[in-house]
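Chain by chain, the residues run as shown.
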Amino acid sequence: MTLSYQWLLDYLPAPVPVEQLSEILTSIGLEVERVSAYQEVKGGLKGLLIGEVMATEKHPNADKLTLTKVNIGSEALLSIVCGAPNVATGQKVVVAPVGATIYPTQGDPITLKAARIRGEESQGMICAEDEIGLGSSHAGILVLPADTRVGISAAELFLPYEDTIFEIGLTPNRMDAMSHWGVARDVCAYMNHHHQKNWQPRWPTSFSFTGSMPSCPIKVTIENTVACPRYSGICIDNIQVGPSPRWMEKRLKAIGVKPINNIVDITNYVLHETGQPLHAFDRSAIKGEQVLIKNASDQSEFITLDGVSRKLSREDLMICHAEQPMCIAGVYGGLESGVSPSTQQLFVESAFFDPITIRKTSFRQQLRTDAATRFEKGTDIAATLPVLERAVQLIVEIAGGKVTTAPVDRYPSPQPQKMVSLGWSYLKKISGKTYDSAAAIGILKSLGFGIEKEDTNGVTVKVPYHKPDIHLAADLVEEILRIDGLDNIAIPNSISISPAVESPAFYTKETLREKLSNQLAGMGYHEIMTNSITNSAYFPEQGESLVTMINSLSAELNALRPSLLHTALEVVSHNLNHRNLDLRLFEFGTVYAKEQTGHYREEPRLCLVLCGLSRATHWQARSTPVDLYTIKGMVELLLSSLGITASTHPKQHPQLQQTLGWQLQEKELGVAGLITEKTARQFGIKQPVYYAELNWQVLVALSTATSIRIGELPRFPSVERDLALVVPNTLPWQAIQDCLQKIRIKTLRDIKVFDIFESDKLGAGKKSIAINLTFSDPEKTLTDKEMEGWMSTIIKTLEKEVEATVRK
């Protein structure tokens with residue numbers, strides 16, 4: 001928001017220096033993003049003087065130049081060569097002597113130097129209005145009234161407006177500070193609290209609607225009382241539309257508002273003064289002397305002030321007369337009912353509109369006006385009449401208007417003031433600071449809160465209507481902290497954490513995530529973060545379970561992903577296209593689904609992506625491409641890190657082939673496999689890509705329920721035995737693992753495959769699997785007798801369960 005320093009001072013009981021004011025505003029939550037000097041005329045006419053042309057004669061060497069003698073109030077006359085056709089003896093003019101800097105309306109500043117022009121000395125310049133920033137005309141020099149005093153500065157004569165402009169970064173909830181008067185209220189509260197002042201912001205008008213007057217002839221009917229809870233207005237006669245007074249134009253220009261005419265400027269001025277938008281209708285355009293506030297007909301057309309025909313929605317609230325709409329409520333006026341130079345009678349509107357309704361209409365119609373930005377954040381519903389009084393005062397003073405009727409005020413369901421209670425102990429707990437109750441109450445009073453009840457335990461306040469964001473005791477704490485100054489909160493020497501929050505589930509989940517992330521990063525994996533919003537065209541098989549977006553960002557971003565696969569493949573495709581061929585990627589992300597009950601489900605997942613070489617080419621070792629066993633080993637390593645031992649089994653997946661699944665306690669932990677050619681072609685991928693996706697929520701639950709114990713190093717040596725088995729070539733390794741685990745030999749610590757061999761010599765449909773078994777007992781050295789017994793049991797069990805025979 002843009003704030004004028006000179007304008008703000010009108011509402012403060014005493015001036016506050018610019019530097020101090022900047023610190024105050026930032027301290028109370030109105031962050032000052034920039035402070036800049038404003039000059040109505042660039043350079044402020046500094047160094048320019050008023051002179052009188054005492055003599056003129058033709059330049060001997062140039063037909064279009066004139067030699068002049070100019071009196072600027074000093075002893076000697078200045079010799080100035082002038083090229084203006086209208087220069088004449090006796091004129092009062094603006095003179096830029098040598099050393100002065102002029103700022104043209106267009107172009108760069110120019111510093112005057114002594115010069116010789118066509119052989120004649122020139123000690124300055126007689127200025128045209130565009131040469132010093134006072135206008136755009138270059139037809140000739142600026143000729144001043146004959147009674148203008150010679151020798152005074154041009155700044156003293158023209159009094160160019162200068163100001164300091166604050167650019168304030170407002171948070172969306174601070175609608176109460178979207179005006180000069182609202183900011184003044186906060187500054188007064190700060191001064192009262194910190195400097196023991198008794199300041200109150202000065203309301204800009206003493207005019208009020210009192211006395212007995214005839215009723216307003218305009219009949220107001222509110223059909224949609226939800227979108228328009230209150231509507232006030234007044235008729236003003238005998239107005240004269242014309243330019244605004246110079247003081248008003250100066251202030252509006254300073255904050256970036258272009259003056260139009262006195263009526264429009266008054267509504268803009270009051271908007272920036274009080275924060276309440278107004279709208280002035282030409283009363284002669286109100287057919288039937290009726291104002292109806294109702295929703296538009298769907299797809300109807302309406303021509304706005306800018307001459308654009310706009311299609312309306314049934315959700316757009318309109319201000320209408322008896323026959324047709326006049327204005328898009330709270331957003332923009334209509335072409336036919338606006339104020340024109342011939343307007344003599346006004347109907348001025350001051351209303352409260354529902355913020356959500358106005359915001360939707362503003363974006364739907366692409367009209368981001370000052371009025372809409374105020375209404376969409378909420379205005380003060382109690383201020384419609386007081387602000388209308390201020391507007392009437394200015395219209396009467398500036399446009400010669402006359403008020404002959406009482407205002408109309410439709411307020412069908414007056415809103416009660418909210419009551420909020422604040423306990424002193426709660427204030428201390430939330431703020432971390434002990435406040436004197438009188439000081440806290442003083443801050444609330446200065447901000448406009450009414451004290452309903454006060455005792456040793458706390459206070460109950462009436463929330464003013466200009467604070468619609470105040471609902472809870474915490475909101476009152478924020479107000480007190482804000483005015484006291486956020487910088488005044490002491491930083492404690494120590495931080496205490498209550499036992500209740502030392503080990504929440506969130507902490508455990510995040511700790512495990514950090515553990516695996518560090519492990520993966522240490523193994524050369526790169527973490528990726530992809531968009532949860534993706535293209536529904538990737539998932540034709542999902543049907544109604546796919547979560548599609550009603551108001552999508554684009555046709556390519558219209559659904560929430562049911563899997564991390566496709567967004568990860570987009571990253572793979574991007575890297576492959578940039579010749580980054582060896583990839584190890586992982587992502588923690590969320591997937592979404594719609595259940596048959598209509599409820600939505602979201603689950604955290606962990607995915608791994610591998611492609612290219614698992615090991616780069618090196619003189620000591622050959623490069624090897626990644627394969628299914630690479631990603632299978634990686635998944636099992638991660639499960640082991642979480643303390644999870646799961647069984648592996650074949651799995652079906654629409655986008656994967658050679659698919660494996662992991663299961664424990666009838667819970668599916670995840671899948672891994674090779675991306676199908678069809679899926680790879682969708683992303684322009686031509687090399688093998690292996691992918692795994694794990695259900696992170698299930699893994700966390702299983703890991704949390706598993707105790708990982710750390711023991712001492714074994715004191716006794718382990719014993720290894722190798723076993724070569726001939727088995728059916730369709731037998732999966734998992735079957736052998738499960739068989740060995742069922743025997744439950746406590747000393748069997750590890751089982752590994754170190755060779756697989758297939759040959760017709762083994763028999764039709766047979767293969768050989770060589771396994772390594774490691775045995776260890778922490779209490780003693782294993783004997784040959786014990787080993788022979790266990791190996792015998794293992795061989796007999798394998799022969800029986802999986803039809804294995806020992807290869808000699």
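Quantities reported herein were computed from a predicted structural model and do not represent experimental measurements.

Asker: Looking at this structure, I do not really get the nonpolar core. What am I missing?
Answerer: Residues Leu25, Phe166, Ile236, Leu346 and Ile395 are the most contacted members of the largest nonpolar core, which totals 73 residues. A total of eight residues in this core trace back to one element, the largest contributor, which is helix 4 (residues 180-195). In contact with Phe166, other than residues within four places in its own chain, are Met1, Thr2, Leu3, Tyr5, Val18, Leu21, Ser22, Leu25, Val32, Arg34 and Val35. The next biggest cluster of nonpolar side chains, apart from the first, holds 34 residues, and it includes Ala227, Met318, Cys320 and Leu367.

Asker: Got a minute to help me understand the packing of aromatic side chains in this structure?
Answerer: The description of an aromatic ring pair rests on the distance of the ring centres and on the angle between the ring planes. Taken as a whole, this structure holds 13 aromatic pairs when the rule is applied. Arranged with centres 5.1 Å apart and planes meeting at 70°, the rings of Phe353 and Phe375 form a pair that is edge-to-face. In this pair, Phe353 sits in the loop between strand 23 (346-352) and helix 7 (355-364) while Phe375 sits in helix 8 (residues 370-375), placing the two residues 22 residues apart along the sequence. Given the relative accessible area of 0%, Phe353 is considered buried. Here Tyr538 and Phe539 contribute two aromatic rings whose centre-to-centre distance is 6.1 Å and whose plane-to-plane angle is 85°, an arrangement assigned as edge-to-face. The exposure class of Tyr538 is buried, given its relative accessible area of 16%. On the basis of relative accessibility, which here comes to 3%, the residue Phe539 falls in the buried class. These aromatic residues form a ring-pair network of at least three members: Trp7, Trp247 and Tyr269.

Asker: Would you take a moment to explain helix 4 for this structure?
Answerer: Every α-helix winds through 3.6 residues per turn, so residues three or four apart in the chain are directed the same way. The first and last C-alpha atoms of helix 4 sit 21 Å apart over 16 residues, in line with the 22 Å expected at 1.5 Å per residue. In terms of residue burial, helix 4 counts as a mostly covered element, since 14 of its 16 residues are buried. Remark: Gln196 follows helix 4 within two positions and exhibits a positive phi of approximately 50°.

Asker: I would appreciate a short explanation of the sheet that holds strand 43 (residues 805-806) in the present structure.
Answerer: One key point about sheets: their strands pair by backbone hydrogen bonds, in either a parallel or an antiparallel sense. Pairing within the open sheet is antiparallel, and its four strands lie in the order 41-42-40-43. Of all the strands in the sheet, the pair left with one neighbour each is strand 41 (748-757) and strand 43. Alignment of strand 41 against strand 42 (residues 766-775), held across eight bridges, turns out to be antiparallel. For Phe757, the partnering residue across the bridge sits in strand 42 and is Ser768. Running at roughly 15° to strand 40 (residues 719-728), helix 19 (residues 784-802) makes contact with strand 40, strand 42 and strand 43 of the sheet.

Asker: How should I be thinking about the environment of Leu569 in this particular structure?
Answerer: Tracing the backbone through its elements, the reader meets Leu569 in helix 14 (residues 565-577). Taking relative accessible area as the criterion, Leu569 reaches 2% and is therefore assigned buried. Leave out the neighbours within four places in its chain, and Leu569 touches Ile675, Thr679, Phe683, Ile685 and Val689.

Quick notes on the rules
- Along each chain, residue indices are assigned from 1 in the same order as the chain's sequence is written.
- A pLDDT threshold of at least 70 governs which residues receive local features in this predicted model, and a stricter bar of 80 or more applies before side-chain atom pairs are shown or counted, although totals over entire chains, interfaces and linings include all residues.
- With hydrogens and water set aside, each side-chain value is computed from the structure's full complement of heavy atoms.
- The criterion is simple. A nonpolar core is a set of buried Ala, Val, Leu, Ile, Met, Phe, Trp, Tyr and Cys residues joined through side-chain atoms within 4.5 Å.
- For each residue, the accessible area found with a 1.4 Å probe, counting protein chains only, is set against the maximum for its type, and the residue is called buried under 20%, exposed over 50%, and partly exposed in between.
- What counts as a helix is a DSSP run of H or I of at least four residues, what counts as a strand is a run of E of at least two, and both are numbered from the N terminus.
- Contacts between residues were defined by any pair of non-hydrogen atoms, one from each residue, lying within 4.5 Å.
- Pairing of aromatic rings covers Phe, Tyr and the six-membered ring of Trp, with a centre-to-centre limit of 6.5 Å; geometry is then stacked below 30 degrees between planes, edge-to-face above 60, and tilted otherwise.
- The span you would expect from a helix comes to 1.5 Å times its residue count less one.
- Note on pairing: DSSP must find at least two bridges between two strands before they are called paired.
- Note on geometry: axes are lines fitted to C-alpha atoms, helical ones only across the stretch in contact, with angles between N-to-C directions running from 0 to 180 degrees.

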